[in-house]
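Understanding the architecture of this molecule
Here is how the chains run, residue by residue.
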Amino acid sequence: MEFEVISEEYIKPSSPTPHHLKNHKLSFLDLYLPPVFVPLVLYFPLNQDTELSTREIDHIVSERLQLLKQSLSEALSLFYPLAGETEDFLSIDCNDEGVYHVEARVKCSLNEFLDHPDNVLVTEFLPEYTRWGIIREKYITRVKVTTFACGGIAVGAAISHTIADGATFSSFLKSWAAIARKNPEAAILPKFVASSLFPQNDAYTREVCSSVMFATNVKFGKYVTRRFVFDPSAIAKLKAKAKSSTVQNPTRVEAVTALLSKCVMASLKPRSDSDKPILLFQPVNLRRKANPPFSNQDIGNFIWVASTLCKFEEAELDSLVSKWREAIAKLNGDFMKSLQGEHGLVNFLEAIKYERENYTTATDKINFSSWCNLGIYDIDFGWGKPAWATFCGVGASVYSCNVILLQDTKIGNGIEAWVYLREEEMAAVELDKELLEFAVIDPSPLNL
């Protein structure tokens, strides 16, 4: 597909940010994350019952494009840091410079693309330089809206991980959509309290936090991307197979994560030191772990990693489910309480030190991230819910192998897993009989 750029502009908040809110200080949980963008693309069909002429389609699309820009402007008045710029990577200057916004179009129909989607091509639906790449400028948010010949629209958005985790990103998109469909009371009223809960300390620079945490988990190499889709009936069977005396009721995420862990570990074994374990880790939303829980109104990065070391001979479904549940159970109310208050940052750095020791112990690493239950398929700008949602493939460059991203499927309680592995490992995983018993590789979203 050829993308034709129609316009580029900055969308500013509909009302100026008050002077006393101009400086948004980051929390220490924001500081330990790498300076990358979190991307998402939502694909919306035209959703019209009657036959329309090209002129009528163009008119509808023009109205929708204008609505997207106007509602984005209004949403930015609520989520005002997203329209600012990073300032020394310790705070955000909420200067209302705006969100970079680009409109583009392609000549094919949305169904043509969805019939045989390209896992690498989906990156083209994002603004340039936001495709999981390192941030080299000060902007926080970018948006690209692409129209198809049929009137379908792809909304691609990317927010700096400096300010947003998956829950924050989801809250912003849902609020933008609520405003677009003239239902502002459904918009989430954000609370920017993270820096008061997890305050910075000038004695510890950003590098102290982020470099020790992430320098060792980036694995370079030429990789390929595949989607493994588990429908609800397959997941029910997988959960039954993965249960044990320790865990009688594995969740769908636990069961799928365990199976993919097992398959990827098997693919890594020929190239790894078999005497050393594999490190499995996954970011966890801490809002639900606090006592009392924090709200999705609380904006920022409320995440920490659950990790477990697993030896090759331990890589069975029931054992892996138990290991994952045990790792996540450690991130409880007591852990959350330890991160707050006068000694919170010191305790946090101790936790980083522990994780780093695990990294150096392992022969290899697999990084999971789950966006399940964030309601991505509930985002409706006024013309229906998305036909598909993608995190986006990360292109054909060399970056972050052994990464597995989980998301909901459009219908039911299925899971779509985006898997990034080196070519050698992927070739083995694609032939794994146990995996193929439960998952379909790269299906068309139209058939799900």
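Remember, it's a predicted structure, so these values are computed and weren't measured experimentally. (Residues numbered from 1 in each chain as written. Predicted model: local features only at pLDDT ≥ 70, side-chain atom pairs only at ≥ 80, totals over all residues. Heavy atoms only, no water.)

Spatially, β1-β6-β7-β8-β3-β13 is the arrangement adopted by the 6 strands of the open sheet, whose pairing is mixed. The strands lining the two open edges of the sheet, one partner per strand, are β1 (4–11) and β13 (388–390). Adjacent strand axes in the sheet meet at a mean angle of 15 degrees, parallel and antiparallel pairs treated alike. Across 7 bridges, strand β7 (residues 141–147) lies against strand β8 (residues 153–160) in antiparallel orientation. (Pairing = 2+ DSSP bridges. Helix = DSSP H or I, 4+ residues; strand = E, 2+ residues; numbered from the N terminus. Axes fitted to C-alpha atoms, helices over the stretch in contact; angles between N-to-C directions.)

A few words now on unusual backbone geometry. In this chain, Asn-291 is followed by Pro-292 through a cis amide linkage whose omega measures 0 degrees. Inspection of the secondary structure assignment puts Pro-292 in the loop between β10 (278–285) and β11 (303–310). Of note, the phi angle at Lys-182 is positive, near 60 degrees, even though the residue is not glycine. Within the secondary structure, Lys-182 is located in the loop between α4 (166–180) and α5 (194–197).

Here we have 3 strands laid out as an open sheet, ordered β2-β5-β4, and antiparallel in their pairing. Every other strand in the sheet has two partners, leaving β2 (23–25) and β4 (85–87) as the edge strands with one partner each. Each strand of the sheet is rotated relative to its neighbour by a mean of 35 degrees, with strand direction disregarded. Sheet topology note: the β4/strand β5 (residues 91–93) ladder contains 3 bridges and is antiparallel. By the bridge assignment for β5, Glu-85 is matched with Asp-93.

It is worth spelling out the confidence of the model for the protein chain at this point. Here the protein chain shows a mean pLDDT of 89. Residues at 70 or above account for 92%. The lowest-confidence element of the protein chain is helix α6 (residues 206–214), averaging 51 in pLDDT; the highest-confidence one is helix α13 (residues 433–436), averaging 98. (pLDDT = per-residue confidence, 0-100.)

Moving on: helix α8 (residues 252–268). The terminal C-alpha atoms of α8, which comprises 17 residues, lie 24 Å apart, in line with the 24 Å expected from a rise of 1.5 Å per residue. With respect to burial, α8 is a largely interior element, 16 of its 17 residues being buried. (Expected span 1.5 Å × (residues − 1). Buried < 20%, exposed > 50% of the residue type's maximum accessible area, 1.4 Å probe, protein only.)

Once that is clear, we can look at the environment of Val-61. Relative to the helices and strands, Val-61 resides in helix α2 (residues 54–78). Put simply, Val-61 and Leu-331 are 270 residues apart on the chain and 46 Å apart in space, counted from C-alpha to C-alpha. With residues near it in sequence (within four places) discarded, Val-61 still touches Thr-147 and Gly-151. (Contact = heavy atoms within 4.5 Å.)

With that settled, consider the state of the cysteines. Put plainly, a disulfide is one covalent bond tying together the sulfur atoms of two cysteines. Across all of its chains, the model carries 0 disulfides by this definition. Just so you know, Cys-310 is unpaired, no disulfide at all, and the nearest cysteine sulfur is the one on Cys-263, 13 Å from it. Overall, Cys-310 belongs to the buried group, its relative accessible area being 0%. (Disulfide = S-S within 2.5 Å.)

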